[in-house]
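Chain by chain, the residues run as shown.
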Amino acid sequence: MSAAKFDRAELESMLVGLRPKLHRYAARMAGSAIEGEDIVQEAVVKALAAHDGGALVERPEQWLFRIAHNAAQDHLRRRQRERSRTSEADMTTIEDLSASAETRLATAMSLRSFMRLRPAQRSAVILVDVLGLSLHETCEMTGATLAATKAALHRGRAELKAMVALPDDMTMPKLDPEEERRLRRYVDLFNARDFDGVRRLIAEDVQVDVVNRTRLTGKKEASTYFGNYGRLGDWALSLGFVDGRPAILIRNPQADDAVRGFVLINWRGEEVVRIRDFRHVPYCLENAEIRAAVA
């Protein structure tokens, strides 16, 4: 297949279909479903910009994954400097053991477990054992040599297997009393459908991001967001944690109170300055670690 420029509508359609898969990769690379969505959004913006700049693409899906991979790497560099690169031993003779046992293990491991791996190991394990790419496809996407990819995969698998034997040392997170007070007030007003009361909590310059749907700025535009919730009856809010962060869980009272999404709130003093609503991105929920707050 020769390199070609495909139309924007085709690219946008492909991005919709691939977004959950891109998020599975990005969330595990970042160790957070929330940050994974940030990475995916950055990749989407870069892909559309490259298309508009006349990029010629031979294999669109691999091209999009390469952009997502680079966005994840940039994200990790921004968080902290890369650890010193592991010296590459000659791993060309290591047998590829992409067996179902490794696949089941990697898929079941929590996002935080992946963060214990070095970035190169993390990427190799996710691409091969979670997403099912071949070694050669992984090399093409990451730009690493076959020897380096085999080495990273071998060591990453060994690290994950070792983690299984460790006790779960994750303690139950607790809400800061002030954060709990503010969030509980927001939740109580929302559950009472007292949206005038909620509006009194938000800043004039509030930013509302309905993830993968729309962005609203200011109290006037935010009224649309609250109005949409007011017309629905399939939700109730509660306090909880997403990837260890304080969050508001969106539950469905019509389906045994199952969690169907979550909301993150940023404050400036007593005012809400940002709302991020993850109701319409079920793939984020699948990759997130959700915990209810202890009453």
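### So, the packing of aromatic side chains
- The tally for this structure, following the rule as stated, stands at 10 aromatic pairs.
- Relative to F226, the ring of Y225 lies with its centre 5.2 Å away and its plane at 65°, an arrangement referred to as edge-to-face.
- F226 gets classed as buried once you look at its relative accessible area, which sits at 0%.
- When the ring of Y225 is compared with that of Y229, the centres are 5.3 Å apart and the planes differ by 75°; the resulting orientation is edge-to-face. With Y225 and Y229 both in helix α11 (residues 218–230) and four residues apart, the pair spans about one turn of that helix.

### Looking at the environment of L15
- Its location among the elements puts L15 in helix α1 (residues 8–30).
- With near-sequence residues (within four places) excluded, L15 lies in contact with V44, L48 and L64.

### Let's talk about the environment of L22
- Counting through the fold element by element, L22 comes out in helix α1.
- A C-alpha to C-alpha distance of 9.0 Å links L22 and E37, two positions 15 residues apart in sequence.
- When sequence neighbours within four positions are dropped, the list of residues in contact with L22 reads V40, L64, F65 and A68.

### As for the pattern of salt bridges
- Tallied over the full model, the rule gives 22 salt bridges.
- A salt bridge links R182 to E179; the shortest N-O distance between them is 2.9 Å. Of this pair, R182 and E179 both sit in helix α9 (residues 177–191), three residues apart, roughly one helical turn. In terms of burial, R182 and E179 fall into one category: buried.
- Salt-bridge contacts for K219 lead to E204; the nearest nitrogen and oxygen are separated by 3.9 Å. Taken together, the residues K219 in helix α11 and E204 in strand β1 (residues 202–210) connect sequence positions 15 residues apart.
- Each of the salt bridges in this network shares a partner with another, and the network as a whole consists of E42, K46, D74 and R77.

### With respect to the sheet that holds strand β3 (residues 236–242)
- Overall, mixed pairing links the seven strands, which are arranged β2-β1-β6-β5-β4-β3-β7 in an open sheet. Every interior strand has two partners, whereas the edge strands, β2 (214–217) and β7 (290–292), have only one. The average angle at which neighbouring strand axes cross in this sheet is 30°, direction not considered.
- In the sheet, β3 pairs with β7 via three bridges, with the strands oriented antiparallel. Opposite F241, over in β7, you have R291 as the bridge partner.

### Examining the pairing of strand β5 (residues 258–268)
- Sheet topology places strand β4 (residues 245–252) next to β5; five bridges connect them, and they run antiparallel. Among the inter-strand pairings, I248 is bridged to a residue of β5, identified as V263.
- A loop of five residues connects β4 with β5, the two strands running antiparallel in sequence, and D256 in this loop sits at a positive phi of about 60°.
- Sheet topology places β5 next to strand β6 (residues 271–277); six bridges connect them, and they run antiparallel. Of the residues in β6, the one forming a bridge with I265 is I275.
- Between β5 and β6, which pair antiparallel in sequence order, lie two residues; one of them, G269, sits at a positive phi of approximately 70°.

### A look at the environment of R24
- Along the polypeptide, R24 turns up in helix α1.
- Taking the C-alpha atoms as reference, R24 lies 9.7 Å from V40; in sequence the two are 16 residues apart.

About the cut-offs
- Residues numbered from 1 in each chain as written.
- Predicted model: local features only at pLDDT ≥ 70, side-chain atom pairs only at ≥ 80, totals over all residues.
- Heavy atoms only, no water.
- Phe/Tyr/Trp six-rings, centres within 6.5 Å; stacked < 30°, edge-to-face > 60°.
- Buried < 20%, exposed > 50% of the residue type's maximum accessible area, 1.4 Å probe, protein only.
- Helix = DSSP H or I, 4+ residues; strand = E, 2+ residues; numbered from the N terminus.
- Contact = heavy atoms within 4.5 Å.
- Salt bridge = Lys/Arg side-chain N within 4 Å of Asp/Glu carboxyl O.
- Pairing = 2+ DSSP bridges.
- Axes fitted to C-alpha atoms, helices over the stretch in contact; angles between N-to-C directions.

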